[in-house]
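Here's the letter readout for the chains.
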Amino acid sequence: MRFGFINLLRQAFAGNEGWPEQWRSPEPKAAYDAVIVGAGGHGLATAYYMAKEHGLRNIAVVERGWLGGGNTGRNTTIIRSNYLWEESQGLYEHAMKLWEGLSQDFDYNVMYSPRGVMMLAHNIHDVQVFKRHVHANRLQGIDNEWLTTEQAKAFCPILNTDPRIRYPIIGAALQRRGGVARHDAVAWGYARAASALGVDIIQNCEVTAIRRGADGAVEALETSRGTIRTKKIGVVAAGHTSVVMGMAGVRMPLESYPLQALVSEPIKPIMPCVVMSNTIHAYMSQSDKGELVIGAGTDAYTSYSQTGGLHIASHTLDAICELFPVVRRMRMLRNWGGIVDVTPDRSPIIGKTPVPGLFVNCGWGTGGFKATPGSGHVFAHTVATGEPHPINAGFTLDRFRTGRLIDEAAAAAVAH
């Protein structure tokens, strides 16, 4: 039974052969009005909003693997909008508002749960930074509040607030509207909704070249399933953006790192919220299945590995056991690494490129999942109209030439 299932998976990833007609990816057409490269959350969301809000129907999403099989299936599902700079606040708050109605929009449950995201302060610097975040957010109408140690303990009773631990908790910032959603449900929700509007989602279709015309504009994609003519290409290929953009002669200011996470054995509910710590770099929540979802850090070196260094996970588990002593005897079921693109200012790139008809959405680092609806919505506007939405107008590729950077490194509430 087990090996039969594995063979079915191999067959699924190899192509369409042997599957019922309704389960197969469509064969690509000869031409589309627009093609999105990457069938993760951001790519599927882009196609959905292009169809829904801009009336475009002749759209394809091409994916070299399978739907949602990249970073969308390898993240810790956290949603929040408590970022520092105005550009980031606008983008992530836009995403938050879309998250709140996403299940109703799809008529499909994405398991959005606004259970609260609490960020721990362990020293005076943490207190100053998080209070600055609280004030900056509230000036923009975004909820965020400061908690004392006692209030943090009351919000998350299993938290260890003993003042004798290595990094005692001296306060916390709390965004009550923050929370989690089910990562694969988000991918399937956007895929179902986009497909219902006529979007072709073509899996097992690797892009091998981007063809440009005499005027320099894009004119076609060469893929493992044939040539697809199009005048508009949106690249949303997390972890491999530089490779795809290099096919069009565009060099990207990105580095790719494994970002690690772990999942425990399932248990009854003990974790009422998301807790994050920048100083000791660890964060944890609990899934609806009962697993403790534990976020670790990025490796210190660039790589396309989807495992990462063992010492990163070990350091995180040391911290988790100190913050939450009740979990010390639990077993981890699995750990993994997603490949994240990181820009020099730790903020995304969403917009046009020097190549006419070529658009890019990348560089999210640790912020990708939480931005999914907002990212897809504004990128759809950019690809459909050829001009940026006001919300993503600041996230241009050109900012690395002019020096107008959006430095969210500290605002990510993690060490990278």
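Not measured: the values here are computed from a predicted model.

**Q** Help me understand the pairing of strand 4 (residues 117–121), please; the structure alone is not making it clear to me.
**A** In regular strands, side chains alternate between the two faces of the sheet. With 5 of its 5 residues buried, strand 4 lies for the most part within the structure. Residues Val 117, Met 119 and Ala 121 line one face of strand 4 and the alternating positions Met 118 and Leu 120 line the opposite face, and both faces are buried. Pairing of strand 4 with strand 14 (residues 274–277) involves 4 bridges; the strand directions are parallel. Bridge pairing in strand 14 links Leu 120 to Ser 277.

**Q** Could you clarify how one ought to interpret the sheet that holds strand 11 (residues 226–229) in this entry?
**A** Picture the strands of a sheet paired through backbone hydrogen bonds; they go either parallel or antiparallel. Spatially, the 3 strands line up as an open sheet ordered 9-10-11, and their pairing is antiparallel. Of all strands in the sheet, those bounded by a partner on one side alone are strand 9 (207–212) and strand 11. In this sheet, adjacent strand axes meet at a mean angle of 20 degrees when their direction is disregarded. Both strand 9 and strand 10 (residues 218–223) contribute to a ladder of 5 bridges, which runs antiparallel. Each residue of the ladder has a partner; that of Arg 212, found in strand 10, is Val 218.

**Q** Explain the pattern of salt bridges to me, please; I cannot follow it from the model alone.
**A** Pairs can form between side chains of opposite charge once their charged atoms are near each other. Overall, the coordinates contain 18 salt bridges when judged by the stated rule. Glu 145 is the partner of Arg 176 in a salt bridge, and the nearest nitrogen-oxygen pair spans 2.8 Å. One end of the pair, Arg 176, is in the loop between strand 6 (171–175) and strand 7 (179–180); the other, Glu 145, is in strand 5 (residues 145–147), with 31 residues separating them in the sequence. When the shortest N-O distance is used, the salt bridge between Arg 164 and Asp 162 registers 2.9 Å. Classification of Arg 164 by relative accessible area gives exposed; the value is 74%. Through salt bridges that share partners, Glu 93, Glu 100, Asp 143 and Arg 177 make up one connected network.

**Q** Just to check I follow, could you spell out helix 10 (residues 372–385) for this structure?
**A** Given 3.6 residues per helical turn, the α-helix brings residues three or four places apart onto the same face. If you check helix 10, its first and last C-alpha atoms are 20 Å apart, about what 14 residues at 1.5 Å a residue would give, namely 20 Å. With respect to burial, helix 10 is a largely interior element, 12 of its 14 residues being buried. If you check which residues of helix 10 are buried, you get Thr 372, Pro 373, Gly 374, Ser 375, Gly 376, His 377, Val 378, Phe 379, Ala 380, Thr 382, Val 383 and Ala 384. Phi turns positive one or two residues past the end of helix 10, at Gly 386, with a value near 85 degrees.

What counts and what doesn't
- Residues numbered from 1 in each chain as written.
- Predicted model: local features only at pLDDT ≥ 70, side-chain atom pairs only at ≥ 80, totals over all residues.
- Heavy atoms only, no water.
- Buried < 20%, exposed > 50% of the residue type's maximum accessible area, 1.4 Å probe, protein only.
- Helix = DSSP H or I, 4+ residues; strand = E, 2+ residues; numbered from the N terminus.
- Pairing = 2+ DSSP bridges.
- Axes fitted to C-alpha atoms, helices over the stretch in contact; angles between N-to-C directions.
- Salt bridge = Lys/Arg side-chain N within 4 Å of Asp/Glu carboxyl O.
- Expected span 1.5 Å × (residues − 1).

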